[in-house]
Amino acid sequence: MADARVVFIHGVSQRVLEAIVSLNPKGFSTAAVGGKAPEEQQIEAIKDADFIMWFSARLSERVLRSAKKARLVQGLSAGYDSINLKLLRELKLPCSNNGGANSWAVADHAVLAMLTLYRRLMAADRAVREGRWREAIDGTNTFEMANKVVGVLGFGNIGQKVARRVQAFDATVQYYDKFPLAAERERELKVKRVSLEELFRTSDIISCHAPLTGDTRHVVNRERLAMMKPSAVIINTSRGPVVDEAALTEALQQKRIAGAGLDVFEKEPVDPANPLLKLENVVLSPHSAGTTWDTWFRRADFAYKNMKRVWDGQPPQSVATDYDAENP
């Protein structure tokens, strides 16, 4: 029997590509095509593929329609917003994400942003380098996580890992999710579900972990930001448009909230003129929360195992069920 043919359309470095393909299982062959390759080259590669794997690349409608033999589109990222799910539904071609493989990394990064804001780490680092010893820390402007209320917006794999991490700092966790956990699971995790309004009104820290859908676009808007405590901070490591960036910028400029930690933005890469880049009460990173060396092996392991399931006649795991997810 011929090998199962995987075409990986990607935007990763050669070293990362080699790490991913190193997990290619027996009976599979993987051909890599750069995400910036001409459309015709992608079509030629995909037309006879049994599986399409993608990361950090956008697959056009023509490319997806050319996948006549494909059994599964397998992503290495957690989000679906860069793939045309509505078209895949029309083509009856299932699409899976990375099965939570990057959830540890994103959860770590979210907590890192919280602590960086609370301890004014960026300002302290800059002051020391510039010879302004302890100038950034005046005894009134740094805080602890202990006894704070962390509100998690979106309580899937990542949100639950964030909950466990901040509880280790003696914080209390509440969450909002469209799909609430069973009461037994809430007790096990020591969390409670609250309304969106209560989440924004009572949390000291809000951490966003919702997928980008029609329901979640600008779920963090001007009205909800106005509900937040003046001392509260917001973290977004999910998708940029979950937050109304103009409303957030205004709230930060006017110091109606204390700060923000942002890994994602409404427009990426960020425009150098974006006013968020000039604010001292913001910590920024380049959509890199889920990117660690460790994650590539978990991502690839899950992806290849999922494709092998399908090759062996079993249904795929981590399939997109929300076909209202926003498309590019």
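Please read these numbers as outputs of a predicted model, since none were measured by experiment.

Caption draft 1: Broad picture of the overall build of the chain. Per the secondary structure count, the chain includes twelve helices and twelve strands. Taking 328 residues into account, the globule formula puts the C-alpha radius of gyration at 20 Å, and the chain, at 21 Å, falls close to it. Dimensions of the chain, computed from the C-alpha atoms along their principal axes, are close to 70 × 50 × 30 Å. Counting the 328 residues in the chain, one finds 51% classified as buried. Pairs at least 24 apart in sequence give 64% of the contacts found in the chain among residues at least 6 apart. For the chain, the computed accessible surface area is about 16100 Å², with 51% contributed by carbon and sulfur atoms. In the chain, the 45 positive side-chain charges and the 40 negative ones have mean positions that sit 2 Å from each other.

Caption draft 2: Quick peek at the pattern of salt bridges. If you walk through the whole model with that rule in mind, you get 18 salt bridges. In this structure, Arg65 engages Glu90 in a salt bridge whose closest nitrogen and oxygen atoms are separated by 3.0 Å. Placement of the pair is Arg65 in helix H3 (residues 61-65) and Glu90 in helix H4 (residues 85-90), with a sequence separation of 25 residues. We classify Arg65 as partly exposed; its relative accessible area is 32%. The closest approach of N and O atoms between Glu250 and Arg222, which form a salt bridge, is 3.2 Å. Residue Glu250 is located in helix H11 (residues 245-253), and its partner Arg222 is located in helix H10 (residues 222-227); the two are separated by 28 residues in the primary sequence. A relative accessible area of 27% places Glu250 in the partly exposed class.

Caption draft 3: Structural view of the packing of aromatic side chains. In this structure the tally under the stated criterion is seven aromatic pairs. Geometrically, the ring pair formed by Phe55 and Trp296 is edge-to-face, given 5.0 Å between the ring centres and 85° between the ring planes. Separated by 241 residues along the polypeptide, Phe55 in strand S3 (residues 51-55) and Trp296 in helix H12 (residues 293-311) bring together distant segments of the chain. Their ring planes at 20° and their centres at 4.4 Å tell us that Phe155 and Tyr175 sit as a pair that is stacked. Here Phe155, found in the loop between strand S6 (149-153) and helix H7 (157-167), pairs with Tyr175, found in strand S7 (residues 172-176); they are 20 residues apart in sequence, far enough to count as distant.

Caption draft 4: Region of the structure containing the packing of helix H1 (residues 14-21) against H12. In the contact formed by H1 and H12, the axes pass within 8 Å of each other and the chain directions differ by 40°. Between H1 and H12, the crossing angle belongs to the class labelled oblique. Considering how the two elements wind past one another, H1 and H12 form a crossing that is right-handed. Listed contacts from H12 to Arg15, Val16, Ala19, Ile20 and Val21 of H1 are Trp293, Trp296, Phe297, Ala300 and Tyr304. Across the contact of H1 with H12, the residue classes break down as nine nonpolar, no polar and one charged.

Caption draft 5: Layout of the sheet that holds strand S12 (residues 282-284). Spatial strand order, S8-S7-S6-S9-S10-S11-S12: seven strands in an open sheet with parallel pairing. Both edges of this open sheet fall to strand S8 (191-193) and S12, since each of them pairs with a single strand only. Geometrically, the sheet is characterised by an average inter-axis angle of 15° between neighbouring strands, direction not taken into account. Of the pairings in the sheet, the one linking S7 to S8 comprises three bridges and is parallel in character. In the strand pairing of S8, Val173 is matched with Val191. Sheet strands touched by H11: strand S10 (233-236), strand S11 (259-262) and S12. Its angle to S11, the strand with the most contacts, is close to 140°.

Cut-off values and rules
Numbering of residues begins from 1 in every chain and follows the order in which that chain's sequence is written. Local features in this predicted model are restricted to residues of pLDDT 70 or higher, and side-chain atom pairs are both shown and tallied only at a pLDDT of 80 or more, whereas totals for entire chains, interfaces and linings draw on every residue. Note: side-chain values were computed over all heavy atoms of the structure, leaving out hydrogens and water. Secondary structure is summarised from DSSP: a helix means a run of H or I of at least four residues, a strand means a run of E of at least two, and numbering begins at the N terminus for each. Two things to know: the radius of gyration comes from C-alpha atoms, and the globule rule equals 2.2 Å times the number of residues to the power 0.38. Only protein chains enter the accessibility calculation, which uses a 1.4 Å probe; a residue is then buried when its area is under 20% of its type maximum, exposed when over 50%, and partly exposed in between. Contact definition: two residues touch when any of their heavy atoms are within 4.5 Å. Accessibility throughout is a Shrake-Rupley quantity obtained with a 1.4 Å probe, and a residue counts as covered only by protein chains that appear here. Within this scheme the basic residues Lys and Arg register as positive and the acidic residues Asp and Glu register as negative, but His and the chain ends are omitted. Here the site of a charge means atom NZ of a Lys, CZ of an Arg, CG of an Asp or CD of a Glu. Think of a salt bridge as a Lys or Arg side-chain nitrogen and an Asp or Glu carboxyl oxygen that are within 4 Å of each other. Stacked, edge-to-face and tilted are the three classes for Phe, Tyr and Trp ring pairs, Trp counted by its six-membered ring, which pair at centre distances within 6.5 Å; planes under 30 degrees apart are stacked, over 60 edge-to-face, the rest tilted. Only the stretch in contact is used when fitting a helix axis, every axis being a line fitted to C-alpha atoms; angles between N-to-C directions are given from 0 to 180 degrees. Note on terminology: angles under 35 degrees are roughly parallel, angles over 145 are roughly antiparallel, angles of 65 to 115 are roughly perpendicular, and the others are oblique. The handedness criterion is simple: a crossing whose near helix is rotated anticlockwise from the far helix by less than a right angle is left-handed, and one whose near helix is rotated clockwise is right-handed. Amino acid classes used here: Ala, Val, Leu, Ile, Met, Phe, Trp, Tyr, Cys and Pro are nonpolar; Asp, Glu, Lys and Arg are charged; the rest, including Gly, are polar. Criterion used throughout: strands pair if DSSP finds at least two bridges between them.

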